[in-house]
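Reading the structure
Residues per chain are reported as follows:
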Amino acid sequence: MNTHRLRLVALPVMAAAAALSPPAAAEESSWSWPLEPRPSVVRAYEAPTGPYAAGHRGVDQAAAPGAIVRAVDGGVVAFAGRVAGVEVVSVDHDGVRSTYQPVGADVVKGDRVARGAVLGRVLLAGGHCFPVACLHLGRRHGRAYADPLALLGRAAAVRLVTPYGPPPAPPPTPALGRGTPGGLVHPVDGPISSPFGMRVHPVSGELRLHDGTDFAVPCGTPVRSAAAGRVVGSGYDPAYGNRVVVEHGGGLSTTYNHLIRPGTAAGTSVEAGTVVGSVGSTGFSTGCHLHFMVVDEGHPVDPTSML
């Protein structure tokens, strides 16, 4: 009798879980491992609670610098290049996308690749496991993240809920600093002096894309990380001046530019609201302000849509 009761409860739970999963057609396929021999997983997937919430949007696999990275399935290279200072390759498999980083690409955007085709080689710089190397493999269905291990021969665990006693509480949703839960917090408190979009550059006089949002604040104002993540770049750029680049996973990163001096060192983990530098006017700048950028899959997007 108790066995039958458990089965009756388990079926609705499993059905509900399926409704939250990616499309069934995608789940029926499987991926091959991108590294040979099959690597150990040094950090598992941790589902984010929102599009920009903290989490680990993929799996980190142990690898040696220079290890060959292969496509997990056939598809078309959707991106091969640098995202916030990290070399990334992304392959589209009929709507399901696999991402690999840090990888020095042997392919270019638009290349059609077969399952097991060489995409490039593991790099040390920019990896999640620095100062040692590892390969970060991600999986996306549109803008929704999913666990790559579910397609790599390791099925996701299904937990049966007993009919006796109260159901388990859901995990809490963290609030990232002062912003909306799951969103980005403002890096500084100040008015916007120049929004994202096309404009005439104040120094060169050319019509070009302004790839971030400028906040008019005094030099020396503390600059805060907009979300939890890891600093993957910290140094000087002729155009952006002193800048800090923070990676948040899943191809999303933020950059903080024209800082008065070099900011938080690369490799440092930060939380939403952690001070990463101070406002300055270094690089291609006409005065004290923060040039704040958000980069998604290698493309700058309007930061105000995520704050």
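A brief report on the enclosed structure follows.

Rules used in this analysis
Residues numbered from 1 in each chain as written. Predicted model: local features only at pLDDT ≥ 70, side-chain atom pairs only at ≥ 80, totals over all residues. Heavy atoms only, no water. 1 Å grid on protein atoms, 1.4 Å probe; cavity = no way out; pocket = protein on both sides within 12 Å on 5 of 7 lines; lining within 4 Å. Points joined across faces, edges and corners; volume = space filled by probe spheres on them. Nonpolar A, V, L, I, M, F, W, Y, C, P; charged D, E, K, R; others polar. Helix = DSSP H or I, 4+ residues; strand = E, 2+ residues; numbered from the N terminus. Buried < 20%, exposed > 50% of the residue type's maximum accessible area, 1.4 Å probe, protein only. Contact = heavy atoms within 4.5 Å. Disulfide = S-S within 2.5 Å. Pairing = 2+ DSSP bridges. Salt bridge = Lys/Arg side-chain N within 4 Å of Asp/Glu carboxyl O.

1. Some words on empty space enclosed by the protein
Scanning all chains against the criterion turns up 3 cavities of 30 Å³ or more. Taken as a whole, the second largest cavity spans an internal volume of roughly 50 Å³. Surrounding the second largest cavity, V83, V88, T99, Q101, G250, G251 and E297 form its lining. Here the residues of the lining of the second largest cavity are counted per class, giving 2 nonpolar, 4 polar and 1 charged.

2. Considerations on the side chain of D296
Secondary-structure assignment places D296 in strand β22 (residues 290-296). We classify D296 as buried; its relative accessible area is 9%. Setting aside residues up to four positions removed in sequence, D296 forms contacts with R140, R143, G250, G251, L252 and V301.

3. Structural notes on the state of the cysteines
Counted according to the given criterion, the structure contains 1 disulfide. Through a disulfide, C219 is tied to C288; the S-S separation comes to 1.8 Å. Between C219 and C288, the disulfide has an S-S torsion of -95° and is therefore left-handed. Here the residue C219 occupies a position in the loop between β15 (213-215) and β16 (222-224), and C288 occupies one in the loop between β21 (275-278) and β22, the gap between them amounting to 69 residues. By relative accessible area, which is 35% here, C219 ends up partly exposed.

4. With respect to the pairing of strand β2 (residues 59-62)
With 2 bridges connecting them, strand β1 (residues 41-43) and β2 associate as antiparallel partners. The residue bridging V41 from the neighbouring strand is Q61, located in β2. Alignment of β2 against strand β10 (residues 134-141), held across 4 bridges, turns out to be antiparallel. Bridging across to β10, Q61 finds its partner in L135.

5. Examining the pattern of salt bridges
All told, the structure shown has 6 salt bridges when counted by the stated rule. The salt bridge partner of D73 is R115, with a shortest N-O separation of 3.4 Å. Pair noted here: D73 is in the loop between β3 (68-70) and β4 (75-83) and R115 is in the loop between β8 (112-113) and β9 (118-122), with a separation of 42 residues, a long-range link. Using a relative accessible area of 43% as the deciding quantity, one classes R115 as partly exposed.

6. A few points about the pairing of β4
Bridge count for β4 against β8 is 2 bridges, and the pairing is antiparallel. Residue pairing in the sheet places V76 in a bridge with R112 of β8. Here 7 bridges tie β4 to strand β5 (residues 86-93), and the two strands are oriented antiparallel to one another. Across the sheet, residue F79 finds its bridge partner in β5, namely S90. Linking β4 back to β5 in an antiparallel pair, the connection comprises 2 residues, with A84 at a positive phi of about 50°.

Any functional reading would require information beyond the geometric quantities listed.
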